[in-house]
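Here are the chains, one letter per residue:
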Amino acid sequence: MTDTTMASAAAKPVARTSILPGNFWGLVRRSIVYLLLSIAAFISVFPFFWMIVGTTNTSADIIKGKASFGGAFMQNATTFFTQVDALRVFWNSAFIAVVGTVLTLAISSLAGYGFEMFRSRVRERIFGLLLLLLSIPFAAMMVPLFVMIAQAKLVNTYVAVIVPTVASIFIIFYFRQATKAFPSELRDAAKIDGLKEWQIFLYVYMPVMRSTYAAATIIVFMANWNNYLWPLIVLQTAENKTITLIVSALTSAYVPDYGMTLFATVLATLPTLIIFFLLQRRFVEGMLGAVK
């Protein structure tokens, strides 16, 4: 017994020395990972921090590179609301973003559902053609699209901004890929119960795919809210301008007021942040392909 105890006691230091190097290098690797993640987070967050700080400083302080909070917030806010019809501008952006998002989700989800659920000989060819159209830059389609809008006498209207975006090829692709995880047994059971196809889509498919809809809502709403190039072309009067066009106009002044411009930028960013944080959990589930 004594020899056995002595042998086990002598073996313990050897075991500790073999474990310590592994723990040490594991700690080093984790430290490097956390350091790189902290640097990446700082690079990502700093522009937003600078934007918020800039709303409290004068234009002269911003040009000097002042990175601390100042006392010009109310001055910047007053200047912005004096020069810009904020309620009208935000109404324009909100109407275009909300209506465009609802129509895009309705049409694109129906298309994605149809491409996956209904089989035909030409289905994959049509879908492949749609994906091929993604390679065409929007700049190449602006002129013919504007000619079509002008011939329809829709220039300087909300419709001219909304209609070209409602059939999003990317969102159709996204919904089709997400529909692959939709349990076919639910559709079969609904058919046995006598539901028609549109009832299956409304009462079975949409509730099950709510995470996918939440993720698509964030993507489409942000795209519509931040849309700049096409509204710049078709919206020609100040009464119909969106917030992105107004912010661009503020920066293009002969002597830009950077404090007021950053204040306008923060206001323009708030709706997208609110939508994202409200649907954040669903967004993660939808991007991971969760079906509930």
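We now turn to the structure provided with this report. Keep in mind that what you see is a predicted model, and the values were worked out from it rather than measured.

Here Met142 shows up in helix H6 (residues 138–151). In sequence terms Met142 and Leu229 are 87 residues apart; their C-alpha atoms lie 9.5 Å from each other.

Look at helix H11 (residues 210–225) against helix H14 (residues 258–278): their axes get within 10 Å of each other, and the N-to-C directions meet at 175 degrees. Viewed along their axes, H11 and H14 adopt a mutual orientation that is roughly antiparallel. Here H11 contributes Ile218, Phe221, Met222 and Trp225 to the contact with H14, which in turn contributes Ala268, Pro271, Thr272, Ile275 and Phe276. Its residues placed into classes, the contact of H11 with H14 shows 8 nonpolar, 1 polar and no charged.

This brings us to the nonpolar core. Within the largest apolar cluster, 19 residues are counted, with the highest numbers of intra-cluster contacts made by Tyr113, Phe175, Phe182, Tyr205, Met209 and Tyr213. Among the elements of the structure, helix H4 (86–117), helix H8 (169–179), helix H10 (197–208) and H11 are those that each provide at least two residues to this core. Top contributing element to this core by residue count: H10, with 5 residues. Not counting residues within four places of it along the chain, the set of residues in contact with Phe182 comprises Met117, Arg187, Val204, Tyr205, Val208 and Met209. Ala77, Trp225, Leu267 and Ala268 belong to the second largest nonpolar core, which has 17 residues in total.

Definitions and cut-offs
Residues numbered from 1 in each chain as written. Predicted model: local features only at pLDDT ≥ 70, side-chain atom pairs only at ≥ 80, totals over all residues. Heavy atoms only, no water. Helix = DSSP H or I, 4+ residues; strand = E, 2+ residues; numbered from the N terminus. Axes fitted to C-alpha atoms, helices over the stretch in contact; angles between N-to-C directions. Parallel < 35°, antiparallel > 145°, perpendicular 65-115°, else oblique. Contact = heavy atoms within 4.5 Å. Nonpolar A, V, L, I, M, F, W, Y, C, P; charged D, E, K, R; others polar. Core = buried A, V, L, I, M, F, W, Y, C linked by side-chain atoms within 4.5 Å. Buried < 20%, exposed > 50% of the residue type's maximum accessible area, 1.4 Å probe, protein only.

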